[in-house]
Amino acid sequence: SQKIEQNSEALNIQEGKTATLTCNYTNYSPAYLQWYRQDPGRGPVFLLLIRENEKEKRKERLKVTFDTTLKQSLFHITASQPADSATYLCALDSGGYQKVTFGIGTKLQVIP
Amino acid sequence: GAGVSQSPRYKVAKRGQDVALRCDPISGHVSLFWYQQALGQGPEFLTYFQNEAQLDKSGLPSDRFFAERPEGSVSTLKIQRTQQEDSAVYLCASSSRVEGTEAFFGQGTRLTVV
């Protein structure tokens, strides 16, 4: 069956360091992969979208890679700040229409 | 409005009660989604509308769940005869295109069935 795996344990990182979050998937051929941020009590907020034919995408301090051979995406936050503390969700979109399937999320804590 | 609006923010229902959850998407957005999010989990797909057409309802857990979007804008998710396992946050999202674009989420409705 289709499966999206994110490290469900919290990731603690020192302020200023680069945070790297992993998303692995199986039995899936996504046309797009998205990353969202979710704060407690709020809905997810879109961060980045990468297409299956793209290897890397950047936006300010964020960088996403997408390896369809490894079936993996890495999400990097450089120069992390305490305000980056949140849960980060990986989401796969198989195209056609946007039936986006979410992973469980990884909780990131940036320590001052 | 500026974003996706959901109401109510919180709903407490007695087991067996019917509830209706409302979603006001961003004006002009073609696609509308409902998701269910349990504590500590990612959002789980429930149903998808393209304008007023419900194209996918494969995620609805049972026939007690019903969604509509009659005029292609506001949507309502109805749950009949609520059960404790229905307790969750219900998220609505909309997007401007059919595929390959960001979804804008509302803040969700937290449903607690007692």
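To start, this report covers the structure provided alongside it. Just so we're clear, the structure is a prediction, and the values are computed from it rather than from any experiment.

1. A closer look at the state of the cysteines
Part 1 of the argument: Using the criterion set out here, one finds 2 disulfides over all chains in the structure.
Part 2 of the argument: Disulfide partner of A:Cys23: A:Cys90, at an S-S distance of 2.0 Å. Judged by the sign of its S-S torsion, about -60°, the cystine formed by A:Cys23 and A:Cys90 is left-handed. A residue pair is termed long-range when its members are at least 10 positions apart, and A:Cys23 in strand β3 (residues 19-26) and A:Cys90 in strand β9 (residues 86-93) qualify at 67 residues.
Part 3 of the argument: Residue A:Cys90 is classed as buried on the basis of its relative accessible area, which comes to 0%.
Part 4 of the argument: Each sulfur of the disulfide joining B:Cys23 and B:Cys92 lies 1.9 Å from the other. On the sign convention where negative is left-handed, the bridge of B:Cys23 and B:Cys92, at about -65° about the S-S bond, is left-handed.

2. So, the environment of B:Arg15
All names here are of chain B.
Part 1 of the argument: Mapped onto the elements, arginine 15 comes out in the loop between β2 (10-13) and β3 (19-24).
Part 2 of the argument: When the C-alpha positions of arginine 15 and glycine 42 are compared, they lie 25 Å apart, and in sequence the two are 27 residues distant.
Part 3 of the argument: Dropping the residues within four chain positions of it, arginine 15 is found in contact with Thr82, Gln83, Val113 and Val114.

3. Considering the nonpolar core
Part 1 of the argument: A:Leu33, A:Trp35, A:Phe75 and A:Tyr88 are the most contacted members of the largest nonpolar core, which totals 23 residues.
Part 2 of the argument: Looking at this core, the elements with two or more residues in it are β3, β4 (32-38), β5 (45-51), β7 (62-67), β8 (72-77), β9 and β11 (106-111) of chain A.
Part 3 of the argument: Membership of the second largest hydrophobic core comes to 20 residues, among which are B:Val4, B:Trp34, B:Ala67 and B:Leu111.

4. Quick look at the packing of aromatic side chains
What characterises a pair of aromatic rings is the spacing of the ring centres plus the angle enclosed by the ring planes.
Part 1 of the argument: Following the criterion strictly, the structure yields 13 aromatic pairs over all chains and no others.
Part 2 of the argument: Relative to A:Phe46, the ring of A:Tyr36 has its centre 5.7 Å away and its plane inclined at 75°; by these criteria the two rings are edge-to-face. Of this pair, A:Tyr36 sits in strand β4 while A:Phe46 sits in strand β5; the two residues are 10 residues apart in sequence, bridging distant segments of the chain.
Part 3 of the argument: Residue A:Phe46 is classed as buried on the basis of its relative accessible area, which comes to 17%.
Part 4 of the argument: Where A:Phe102 meets B:Tyr35, the ring centres are 5.4 Å apart and the plane angle is 90°; that geometry is what we call edge-to-face. One end of the pair, A:Phe102, is in strand β10 (residues 100-102); the other, B:Tyr35, is in strand β4 (residues 31-37), on a second chain.
Part 5 of the argument: Accessibility expressed as a relative area gives 2% for B:Tyr35, which makes it buried.
Part 6 of the argument: Three or more aromatic residues link up through ring pairs in this structure, and these residues are A:Tyr36, A:Phe46, A:Phe102, B:Phe33, B:Tyr35, B:Phe45, B:Tyr48 and B:Phe105.

5. Examining the interface of chain B and chain A
Part 1 of the argument: Across the boundary between the two partners, chain B contributes 24 residues, which contact 22 residues of chain A.
Part 2 of the argument: In total, chain B and chain A occlude about 1,800 Å² of area from one another, counting both sides; carbon and sulfur atoms represent 50% of this.
Part 3 of the argument: For the interface between chain B and chain A, the tally reads 0 salt bridges.
Part 4 of the argument: At the surface where chain B touches chain A, the tally comes to 5 residue pairs in polar contact (both at pLDDT 80 or more).
Part 5 of the argument: Of all the secondary-structure elements, those providing two or more residues to the side of chain B that touches chain A are β4, β5 (44-50) and β9 (88-95) of chain B.
Part 6 of the argument: Counting residues per element, the side of chain B that touches chain A draws most heavily on β4(B), which supplies 3 residues.

Calculation rules
- Residues numbered from 1 in each chain as written.
- Chains lettered and ligands numbered in written order.
- Predicted model: local features only at pLDDT ≥ 70, side-chain atom pairs only at ≥ 80, totals over all residues.
- Heavy atoms only, no water.
- Disulfide = S-S within 2.5 Å.
- Helix = DSSP H or I, 4+ residues; strand = E, 2+ residues; numbered from the N terminus.
- Buried < 20%, exposed > 50% of the residue type's maximum accessible area, 1.4 Å probe, protein only.
- Contact = heavy atoms within 4.5 Å.
- Core = buried A, V, L, I, M, F, W, Y, C linked by side-chain atoms within 4.5 Å.
- Phe/Tyr/Trp six-rings, centres within 6.5 Å; stacked < 30°, edge-to-face > 60°.
- Buried area = accessible area lost by both parts, 1.4 Å probe.
- Salt bridge = Lys/Arg side-chain N within 4 Å of Asp/Glu carboxyl O.
- Polar contact = N/O pair within 3.5 Å; in protein donor to acceptor, adjacent residues only side chain to side chain.

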